[in-house]
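Letter by letter, the chains look like this.
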Amino acid sequence: MTFREINDKMVEATVAPGQRLFSQRGAMLAYKGEVSFTPNVAGGQGGIMSMIGRRVADEDTPLMSVEGNGTVLFGHGGHHVQVIHLAGDTLCVEADRLLAFEGTLQQGTMFLGSQGGVMGMVRGQVSGQGLFTTTLKGHGAVAVMAHGGVFELPITPQRPVHVDPQAYVAHHGDVRNKLSTALGWRDMVGRGSGEAFQLELSGNGAVYVQASEEKL
């Protein structure tokens, strides 16, 4: 297991020869052994296109590539850290909530409003959230960040889940997403939270929500 949770704000990662991790810049707290950290402008395994979502979300700082032989402690800003294990499925996670992930995972981007029409664009402009999420696919572990802890909600065909977009952290499984609003166009200006927007997730899978709407 690459990631080991030390406490709710810190994880320890094992770095082995021939393997690679990727982390958010500034996430390294300490390390032991022969470990190197280099900017990865190609954006992980997904190539340069995988960075588009991060750049649109004002995250033009590249990921750090972590290699060598040792252990690294990761954390960022005192935020809660949650480790999610993938077994061949795809995780969609807000780019600014991504702390670190194993290099075995294929990275890409997804427009979160792609299944919700123009509301995806409205959500990005009005709520201040990113238009894109990062996708990670394959077998491996991912460490994500959140405010005040993370809670996993199951999604079933009989019971879709509605999430405040600013409380959304990540989701995985065979899930469709739809962004909608209960307010008129005039009322939406200046409102970016639950009373204006809802992210509906339906299908089979799970969604991770944070305990606070505060942005990272």
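Refer to the structure above for everything that follows.
So, here's what we can say about the structure. (Residues numbered from 1 in each chain as written. Predicted model: local features only at pLDDT ≥ 70, side-chain atom pairs only at ≥ 80, totals over all residues. Heavy atoms only, no water.)

1. Quick look at the environment of V35
So, point 1. Along the chain, V35 turns up in strand β4 (residues 28–40).
So, point 2. When its relative accessible area of 10% is taken as the criterion, V35 is described as buried.
So, point 3. A sequence separation of 18 residues divides V35 from P17, and the C-alpha atoms of the two residues are 9.7 Å apart.
So, point 4. Ignoring anything within four residues of it in the chain, the contact list for V35 reads V66, E67, G68, N69, G70, T71 and V72. (Helix = DSSP H or I, 4+ residues; strand = E, 2+ residues; numbered from the N terminus. Buried < 20%, exposed > 50% of the residue type's maximum accessible area, 1.4 Å probe, protein only. Contact = heavy atoms within 4.5 Å.)

2. Notes on the pattern of salt bridges
So, point 1. Within this structure, the stated rule accounts for three salt bridges.
So, point 2. E12 is the partner of R4 in a salt bridge, and the nearest nitrogen-oxygen pair spans 3.0 Å.
So, point 3. Of the charged contacts, one joins R20 and E67 as a salt bridge, the two residues approaching to 3.7 Å between their closest N and O atoms. Placement of the pair is R20 in the loop between β2 (10–15) and β3 (21–23) and E67 in strand β5 (residues 63–74), with a sequence separation of 47 residues.
So, point 4. Owing to a relative accessible area of 39%, R20 belongs among the partly exposed residues under this scheme. (Salt bridge = Lys/Arg side-chain N within 4 Å of Asp/Glu carboxyl O.)

3. Some points on the environment of S23
So, point 1. With respect to the secondary-structure elements, S23 resides in strand β3.
So, point 2. Since its relative accessible area comes to 3%, S23 is described here as buried.
So, point 3. Residues S23 and V142 lie 119 residues apart in sequence; the distance between their C-alpha atoms is 9.8 Å.
So, point 4. Setting aside residues up to four positions removed in sequence, S23 forms contacts with L63, M64, V66, F74, L99 and A100.

4. A closer look at the side chain of E102
So, point 1. Structurally, E102 can be placed in strand β7 (residues 98–102).
So, point 2. For the buried E102, no salt bridge exists, and the shortest N-O distance to an oppositely charged side chain is 12 Å, to R20.
So, point 3. Side-chain polar atoms of E102 contact the side chain of T2, separated by 2.7 Å.
So, point 4. The contact partners of E102, leaving out residues within four places of it in the chain, are T2, F3, R20, L21, G140 and A141. (Lys, Arg positive; Asp, Glu negative; His and termini not counted. Polar contact = N/O pair within 3.5 Å; in protein donor to acceptor, adjacent residues only side chain to side chain.)

5. Notes on the pairing of β5
So, point 1. Summarising the sheet, β2 and β5 pair through five bridges and their orientation is antiparallel. Within β5, the position partnered with V11 by the bridge is F74.
So, point 2. In this structure, β3 lies alongside β5, joined through three bridges in antiparallel fashion. Residue pairing in the sheet places F22 in a bridge with S65 of β5. (Pairing = 2+ DSSP bridges.)

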